[in-house]
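One-letter residues, chain by chain:
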Amino acid sequence: MQSNKLRSYIYGMKKSIPVFFGFLPVAITFALMAVGQGMSAVETVCMSVFVFAGASQIMAVGMLGTGAGALSIVLATFVLNLRHVIMSTCIFRKIKIKNALLKLLGGMSVTDEGFALITTEDDGKCDVFFMLGIITVTYLSWVLGTVVGVVASNVLPKIVADSFGIALYALFIALIVPDVKGNFKLFLTVVITAIINTVLCVFMESSWAIIISTLVGAAIGTFIVNDGNENTETEVAA
Amino acid sequence: MNIALLIFGMALVTYIPRVIPAFVVDKIRFGKRLGKFINLIPYTAMTALIVPGIFNMDAKHWYVGAIGGAVAILLSCIKKIPSAVVVLASVLAVMVVYLF
């Protein structure tokens, strides 16, 4: 039994390795900007330790640069992270946790990347230890990446750092393509969502656009993707 | 500006939306349609995170992200290739684009 838990934990860590490559450049970008805005090394690392949200932190530092107040930055962070309510619902519906302490800890798995890894994993391999493995690697990648950024931001060639900007997109692609490939109706849902989001991004902040197109795309998808099967879970995941 | 206070506020509004569903989700009954809706969200959310953002990965040249994305899609179509390899190949492709 014990070894099963350990195996699951290590499997979660293994699955999160791509996130390390994705987080590193983002963390370095954040660290560069933060130090450039006059934040100390300790403040910069502390923000990554306590907030653990890449896009929000980069936005916050950018707003600091424009002279924005703390309240407006916190409000913007809240809006930017609202999508995590949806993602968290998916995660905790897939991984049932009884223990309240583990639930509190499980909240740390809710990043775009953790969500992507957990929701695309086979149900059989997806338990709380798998989740803890993901948290371990994603969180450490983010914090260590920030430390690397603070210390070595001037050493890394710009072209290398820039190239890693594709990493998280590539990870999301690698996670959805295998399921979408053989399923035309799911493919159609994905294309419709992409179009909706692209159009919405013209009219509003992308953080709102992402929330709306995720929900609208999935709602439209319920009419497209087959309903013939009793078990929709396997239909979509297969 | 008190940075410690800012970090505290940001940590709060980031963590709370992430953790609340953990305590609420057991209490909601998911009907068939709602279950299907929730099962589709990973795909639509990830799509929304990819498009159109990937084309702005390089602020000046949309094709940089497009090429990296195309490489990722092609490799993902081949079974048995781990996602870490897909990610690194895509990064490498972008690096090659930048070199030329």
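Along every chain, residues carry numbers that run from 1 in the direction the sequence is written. In the order they appear in the text, chains get letters beginning with A and ligands get numbers beginning with 1. With pLDDT at 70 or above as the cut-off, local features in this predicted model cover only qualifying residues; side-chain atom pairs require 80 or more to be listed or tallied, and sums for whole chains, interfaces and linings still use all residues.

Asks: In this structure, what is going on with the packing of helix α2 (residues 17-36) of chain A against helix α4 (residues 83-99) of chain B? I would like to understand it.
Replies: Pairs of packed helices are described in terms of their axes, by the angle between the two and the distance that separates them. Each axis is a line fitted through C-alpha atoms, taken for helices only over the stretch in contact, and angles between the N-to-C directions span 0 to 180 degrees. Elements are defined by DSSP. Helices are runs of H or I of four residues or more, strands are runs of E of two residues or more, and each kind is numbered from the N terminus. Remark: α2 of chain A packs on α4 of chain B, axes separated minimally by 8 Å, with the N-to-C direction vectors making an angle of 30°. With respect to each other, α2 of chain A and α4 of chain B are oriented roughly parallel. α2 of chain A and α4 of chain B meet at a crossing whose hand is left-handed. From α2 of chain A, Ile17, Pro18, Phe21 and Gly22 of chain A reach across to α4 of chain B, where they touch Ser83, Ala84, Val87, Leu88 and Val91 of chain B. Ten residue types, Ala, Val, Leu, Ile, Met, Phe, Trp, Tyr, Cys and Pro, are classed as nonpolar, four, Asp, Glu, Lys and Arg, as charged, and the remainder, Gly among them, as polar. Taken together, the residues that form the contact of α2 of chain A with α4 of chain B break down as seven nonpolar, two polar and no charged. An angle counts as roughly parallel when it lies under 35 degrees, as roughly antiparallel when it exceeds 145, as roughly perpendicular when it falls between 65 and 115, and as oblique in every other case. Two helices that cross are described as forming a left-handed crossing if the nearer one is turned anticlockwise from the farther one by less than a right angle, and a right-handed crossing if clockwise. What counts as a contact is two residues whose backbone-derived C-beta atoms lie within 7 Å of each other.

Asks: Any chance you could explain the interface of chain A and chain B here in plain terms?
Replies: Bring the parts together and some accessible area is lost; that lost area is often taken as the interface size. Contacts between the two partners involve 78 residues from chain A, matched on the other side by 58 residues from chain B. If you tally residues by element for the side of chain A that touches chain B, the top one is helix α11 (residues 167-181) of chain A, at 13 residues. Tallied by class, residues from the side of chain A that touches chain B come to 48 nonpolar, 23 polar and seven charged.

Asks: Teacher, can you tell me more about the packing of α2 of chain A against α11 of chain A here?
Replies: Residues and elements named next belong to chain A. Relative to each other, α2 and α11 sit at 150°, their axes nearing to 8 Å. What the angle tells us is that α2 and α11 run roughly antiparallel. Contact residues: α2 offers Pro18, Val19, Phe21, Gly22 and Pro25, while α11 offers Ala167, Leu168 and Leu171. Class assignment of the residues belonging to the contact of α2 with α11 gives a composition of seven nonpolar, one polar and no charged.

These results come straight from atomic positions and should not be treated as a statement about function.
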